[in-house]
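Analysis of the macromolecular model
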Amino acid sequence: MKTATYHKVIWALSLTLGMLFYHSGTCQSSDIFKFEYLNIPENDTGIKTQRYKALFNLPIKLNEKKDYLITGLEYNKLDVGYSQNFPFDQSELIRFHVVDLNLGFITKWNENWNFVTIITPRFASNFTSGTITDDFFFNATATLWKENQKAEKPFRIVLGLSYNSTTGLPIPLPLISYYRRFHPKWSYTLGIPKSTFKHHVAKKHTLEMALLLDGYFINIQNNIPLQNNQVGSKISLSALIGTLGYQYNISKRMSIYATVGRSLVQEGKLRSDDRKDVFVLNDEANIYIRTGFKIGIF
């Protein structure tokens, strides 16, 4: 596989997966391998969270037409601490795991556009009793992708649809992302779940401002009894975060990075089986500190 083609395949995979709203800290980067640590310090609600993420993506060339099968794996572990008491047992809400298995296909749609499809079975649970049916979720997406890196102002656009079983909406949702390098030292990306504005200070150094969505939706195997005969069977977090970041480029494809940010809007909740809110855990702003190592195409 030619290096340039390999990089394009990995980029398409990473962006498409990233748009399946879940952990979105660097979803619109093009990662072949990543290890990341996230620290959300304690806020006024008395909740703190640490998250460990590891992912690996591998494209397999199928034929001379440049069709590719994509395989990948992502694992996230979340450790949650509580310094205040809630009116229920918190022992079920201390450690969570999310495992994504990625399977995709990339082909050339026409002279200008590439077509990308990804299915992502997911297991998201506290896994206190092995695995059960409610731990399983299913995500899928289909996108068209076009870019021109040789233009005076390089650009990239992705248009598509995504179905995510954790959103609770029974229909595919639209996806869009637009990137432009409008100056040798400046670029931006507009999209969901992440928009960025970057200053490429030098070959080794990049500064970034970003606005991104982050969160999770996870099954709780042993239901938590609450007041008014309600039951918490899922836990979710949704946050809109503004960040400042720095990336040190070890080589053209390898880098380390660190970001610090604060949630602008945040809701952590217990939910019922039918996804209704039954208890608010955390609706106060948090600091977000993220650092990691990655191998990618930029």
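Since the model is a prediction, treat every value here as computed from it, not as a measurement.

Reading the values: rules and limits
Just so you know, the residues in each chain are numbered from 1, in the order the chain's sequence is written. Given that the model is predicted, a residue must reach a pLDDT of at least 70 before its local features are reported, and side-chain atom pairs must reach 80 or more before they are shown or counted; all residues, however, enter totals for whole chains, interfaces and linings. To obtain the side-chain values, all non-hydrogen atoms of the structure were used and water was disregarded. Per the convention used, a helix needs a DSSP run of H or I reaching at least four residues, while a strand needs a run of E reaching at least two, with both numbered from the N terminus. It only takes one pair of heavy atoms within 4.5 Å for two residues to be counted as in contact. Method for areas: the Shrake-Rupley scheme with a 1.4 Å probe, in which residue coverage is limited to the protein chains shown. We define the nonpolar core as a collection of buried residues of types Ala, Val, Leu, Ile, Met, Phe, Trp, Tyr and Cys that are connected through side-chain atoms lying within 4.5 Å of one another. We call a residue buried when its accessible area falls under 20% of the maximum for its residue type, exposed when it is over 50%, and partly exposed in between, using a 1.4 Å probe and counting protein chains only. Only protein atoms enter the 1 Å grid, on which a cavity is a set of points fitting a 1.4 Å probe that cannot get out and a pocket is an open set with protein on both sides within 12 Å along at least 5 of 7 lines, lining residues being those with an atom within 4 Å of a point. Grid points are joined across faces, edges and corners, and a volume is the space filled by probe spheres set on the points. Three categories are distinguished: nonpolar for Ala, Val, Leu, Ile, Met, Phe, Trp, Tyr, Cys and Pro, charged for Asp, Glu, Lys and Arg, and polar for the others, with Gly belonging to the last.

**Some details on the overall build of the protein**
- Looking only at helices and strands, the protein has 1 helix and 15 strands in total.
- Of the contacts formed within the protein by residues at least 6 apart in sequence, a portion of 58% connects residues at least 24 apart.
- Carbon and sulfur atoms form 61% of the exposed surface of the protein, whose accessible area is close to 14500 Å².

**Here we look at the nonpolar core**
- Ranked by size, the top nonpolar core spans 28 residues in total, and within it Phe88, Leu93, Ile218, Ile235 and Leu270 carry the most contacts.
- Elements with a contribution of two residues or more to this core: strand E1 (31–40), strand E3 (68–82), strand E4 (95–108), strand E11 (205–225), strand E12 (231–249) and strand E14 (277–282).
- Among the elements that line this core, the one with the most residues is E11, at 7 residues.
- In contact with leucine 93, not counting residues within four places along its chain, are Val80, Tyr82, Phe88, Ile220, Ile224, Ile235 and Leu270.

**Let's talk about empty space enclosed by the protein**
- Applying the stated rule across the entire model yields 4 cavities of 30 Å³ or more.
- Considering only enclosed or pocket space, the second largest cavity measures out at about 140 Å³ in volume.
- Along its surface, the second largest cavity is lined by 17 residues, and Ile47, Thr49, Tyr216, Leu237 and Asn282 are the ones closest to its centre.
- Residue assignment for the lining of the second largest cavity shows that the elements contributing at least two residues are strand E2 (47–61), E3, E12, strand E13 (254–271) and E14.
- The residue inventory of the lining of the second largest cavity, partitioned by class, reads 9 nonpolar, 6 polar and 2 charged.

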